[in-house]
Every structure is written in structure tokens, then in C-alpha cells.
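# Fold and geometry: a report
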Amino acid sequence: MKINQKILNKFNTFILVLIFAIRAITDAIFVSRGIDSNIWINSKFIMIIIGIIISILQLSIKNNKKIFTKELRSILFTSFSFLIITLIVWIVNGTFYVNAFEEIIKMIIPIIYAYLILNTLEFKDIYHAFIYILIINYIGLFLEVGINNFSINNFFSISFDKSYSPFESNYFAGTSIALCVFFMYYRKSKLLTLASLLFVLLTFKRVSILFSLLLFVLPFFIDINGHVSSKYKKIITFLFIILTLIYYNLLLPSSAELFKSIFGKSQIDFTMYRSVFLSRLLDCGYSLKGFGTTTALLGKSMEMDLIKIFLETTIIGLAIFIYNYVKLCGSHIYLHFYVLYLMSNMLTSHSLGNYLGWALAFIIIGCINYKQNSNLTYLKLKKKESIINE
């Protein structure tokens, strides 16, 4: 049985790396170029299902105490709440949209996979896997941008004022910031810490760059293993509910002049065309239709996740979502900074359908929250007090 456990552990780690390797290569070669290759693109989903099956098999022969169970329940409760709200709306309106099930599955898959990984792999296995994932994603970025484009002239052509970079990537931005959060916290290797920071800088997403620089200097000003009161979860939840409502109203066509007077840019320029998606929905007379329906009507994501959730599931669904996702950070101050970034990104952009990105985020949150003793011993750092969710 011990041999089987060891084999499963190595295979499980290999599958974890392979999932994100396939994603990096397919995004770089196919998705970024608009090439239709369902076999390769769907292979990401197939691999994560294989990873779940292997992890379940490995978990069945392990007798260790389970961790990350409260987080699993929170996200499953959120998904179930969305489903109930959607079913009620469908019954009342007499409508049906298959997108709802697809998007709920994409919410459930990453938390289940993260839960299984955290309960089957040791921290050192996850740490080594993340090193490979970082290297492979660098390769993916090079393939997307083109190795020949990594020249000195192109580096000097980067402009923050004009928001231009020849290396900007929509496909590697989410992975880059997640890996940066991980290696900024576990600073065993200065090279990996700086490499993860550089990766974020190269993908050139303004909010991500500011956040990564904040993470870099954060340990010089605060104890990143400190605790915060549970009341901050309620404050953050309330804050982002209010911000979502304010941002939604500011993006209404009737608020165009007010928006420009506040931000100095038009709604279209500031949101990088996302406000147009909202206008299209409103022009079609969109009303409450349930989760996933804005995607069905637009034919694509409206690219503002919190506004999308508000429109599709009412303020009740929005409150449930924000509160349960904020709860993931427990009382850990470092993770509170991370969740602030995640919510800010979802307010102005989109990541909800990025199930692999969320799987990575959940694994990182689980490592920081629960694997304190084992990971700090492995990294040869001073042992800290274990942090558990309140």
C-alpha cells in the first residue's frame, strides 16, 4: 500500500503540472491566435477531471485529517445558491439557459480539485509543481508573444502612460499574479520571487502590476503572517457590494457625462469597451434571467464579473458570492490583500469562468492558511503559529 501511495503521489503531482502545461501551450498556440482546436482546448478540462479522479483514489487510501473543508462548503453553498436563484427565475419566467449549468460547473470544479490536492500532496510537492508551472508559463508567454519580439527596443517601447506593451498578455495574466502571490509569500528562493514579479510585469496588466509591487514591499512594513479581525470580512463584503452598485450605475448610458467628469475618460475608454457589453444588454431590455444568462445573450462574457453576478442573481446572489469568497482568506492578513485584489479585478474585469486560474488560487490560499508547519519546516524558515479560519 505504501508503494501505491508513493506512485499515486508522484503521478498526482505530474498531473497537476501537466494540467497547467497544456493550458499554457494551448493558450499560447491556439487560443491567443483565434485558432479553433477543440481537441487541445478541451484537453485542459479532461486533464483536470483525470486529476480529480487520481486525487480521489489517493485520498481514499490516506488517513490524514482533512483540511480546507470549510472553504469547500462555502463555495459549494455559493454555487448551490446560484442554482436555486436561477431555477426560481426560470420557473417564474418560463425560460431555460444551459449556460447556467456550464458556469456553475466551472465554479465547482476548481474548489473540488484544490481540496483534493491540498489533502493528498505534501507542501514540497506543491512547491516543486509550482516551480515547473512558472517555467512552463514563461515558455507559453514566449510562444504567444514570439521569441524574436523580446528585444531591447521592445522593452524600451513599453509605456505606462499609453498603456502599451508588446508583451501584454490576457492569457497569462491570471496565472502570473497567482504564482507571484505564492512566491512572494514563500521567499525561499530570491530568483523565483523576482521571476514571478517579472512575469507579472511582462503580462502588463496595470492592477496586477501595482498589486505585485505591493506584495514585494509588504514584508518590509507588516508581519505578513499577522491576523485580522473577522469583522474585516464583513467590511470587505459590504464595501464591494456598494462598489458594484455604484460602478454599475456609473456605467449606465444616462451616466456617461457624470462618468467622464469623475474619471476624465469616457465609459468605453476607461472600461476598455466593456461598458458597451452592458449597454447592449440594456438595449435588449435585459431583466433578471438567472446565472449565466448574460453570456448566453451576448455570446461572450460581459467581462465585469461582479456586475454580471448582480444582474443575473440579484443583490442576494452578489452578497452570497462576495461574502463566501472573502471568507476563504480566513484571518490571514496576507490573504486579505489577495482577496482585495481578486474582488477589485472581478469588479472591473473577469476571471469567474477561468476554472484553472481559480484552482491555482484556491491551492495557494489553502497552502498559506493550513500548511504552515510543514511548509515552514521545508523552507527552513522560522516556524510560525498555525493560522486557521475563523
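These notes cover the structure that comes with them. (Residues numbered from 1 in each chain as written. Predicted model: local features only at pLDDT ≥ 70, side-chain atom pairs only at ≥ 80, totals over all residues. Heavy atoms only, no water.)

On to the packing of aromatic side chains, then. For the structure shown, the criterion picks out 31 aromatic pairs. With a centroid separation of 6.4 Å and an interplanar angle of 25 degrees, the aromatic rings of F11 and F14 are classed as stacked. One end of the pair, F11, and the other, F14, are both in helix α1 (residues 2-29), 3 residues apart, so they sit about a helical turn from each other. The exposure class of F11 is partly exposed, given its relative accessible area of 37%. The class of F14 is partly exposed, set by a relative accessible area of 47%. (Phe/Tyr/Trp six-rings, centres within 6.5 Å; stacked < 30°, edge-to-face > 60°. Helix = DSSP H or I, 4+ residues; strand = E, 2+ residues; numbered from the N terminus. Buried < 20%, exposed > 50% of the residue type's maximum accessible area, 1.4 Å probe, protein only.)

Below, the discussion takes up the nonpolar core. Membership of the largest hydrophobic core comes to 116 residues, with the highest contact counts inside it found for F68, F130, F321 and Y338. If one sorts the elements of this core by residue count, helix α17 (residues 355-370) sits on top with 13 residues. Excluding residues within four positions of it along the chain, F68 makes contact with I111, A114, Y115, L118, F362, I365, G366 and Y370. (Core = buried A, V, L, I, M, F, W, Y, C linked by side-chain atoms within 4.5 Å. Contact = heavy atoms within 4.5 Å.)

Below, the discussion takes up a nonpolar patch on the surface. A grouping of F80, I84, L87, I88, V92, F96, V98 and F101 is seen on the molecular surface, where their side chains present a nonpolar patch of about 770 Å² in accessible area. With 5 residues, the single largest contributor to the nonpolar patch is helix α3 (residues 69-93). Under the relative-accessibility criterion, L87 is labelled partly exposed at 32%. (Patch = residues over 30% accessible without salt bridge, like charges linked within 9 Å, V, L, I, M, F, W, Y side chains within 5 Å. Areas by Shrake-Rupley, 256 points an atom, 1.4 Å probe, with all protein chains shown as cover. Salt bridge = Lys/Arg side-chain N within 4 Å of Asp/Glu carboxyl O.)

Between the first and last C-alpha of helix α5 (residues 123-145) there are 33 Å, a value that for 23 residues agrees with the 33 Å anticipated at 1.5 Å per step. At the C-terminal side of α5, G146 shows a positive phi close to 100 degrees. (Expected span 1.5 Å × (residues − 1).)

Here the focus is the pattern of salt bridges. Applying the stated rule across the entire model yields 8 salt bridges. Between E303 and R274 there is a salt bridge, with the nearest N and O atoms lying 3.4 Å from each other. Of the two residues, E303 is situated in the loop between α14 (293-298) and α15 (305-326) and R274 in helix α13 (residues 274-283); the sequence distance between them amounts to 29 residues. On the basis of relative accessible area, E303 is assigned to the buried category, the value being 18%. Ionic pairing is found between K308 and E312, a salt bridge with its closest N-O pair at 3.0 Å. With K308 and E312 both in helix α15 and 4 residues apart, this pair spans about one turn of that helix.

Among the structural elements, M346 can be located in helix α16 (residues 333-348). In the structure, M346 is positioned 102 residues away from T244 in sequence and 9.7 Å away in space, judged by C-alpha atoms. Apart from the residues lying within four places of it in its own chain, the contact partners of M346 are M304, D305, L306, F321, S351, L352 and W358.

Here α3 is 25 residues long and its end C-alpha atoms lie 36 Å apart, about the 36 Å a rise of 1.5 Å per residue gives. Turning to α3, its buried residues number three or more, namely E71, L72, S74, I75, T78, S79, S81, F82, I85, T86, V89 and W90. The secondary structure elements touched by the buried residues of α3 are α4 (99-120), α15 and α17. Immediately downstream of α3, the backbone of G94 shows phi near 70 degrees, a positive value.

What follows deals with the packing of α3 against α4. Two numbers describe how α3 lies on α4: the axes approach to 9 Å, and their chain directions differ by 170 degrees. Put simply, α3 runs roughly antiparallel to α4. Along its contact with α3, which presents T69, E71, L72, I75, L76, T78, S79, F82, L83, T86 and W90, the element α4 presents A100, F101, I104, M107, I108, I111, I112 and Y115. Its residues assigned to classes, the contact of α3 with α4 shows 14 nonpolar, 4 polar and 1 charged. (Axes fitted to C-alpha atoms, helices over the stretch in contact; angles between N-to-C directions. Parallel < 35°, antiparallel > 145°, perpendicular 65-115°, else oblique. Nonpolar A, V, L, I, M, F, W, Y, C, P; charged D, E, K, R; others polar.)

Between α15 and α16, the least distance of the axes is 13 Å, while the angle of their chain directions is 180 degrees. Judged by the inter-axis angle, α15 sits roughly antiparallel to α16. Counting all contacts with α15, which are made through D305, L306, F321, I322, Y325 and V326, the residues of α16 involved are V339, M343, M346 and L347.

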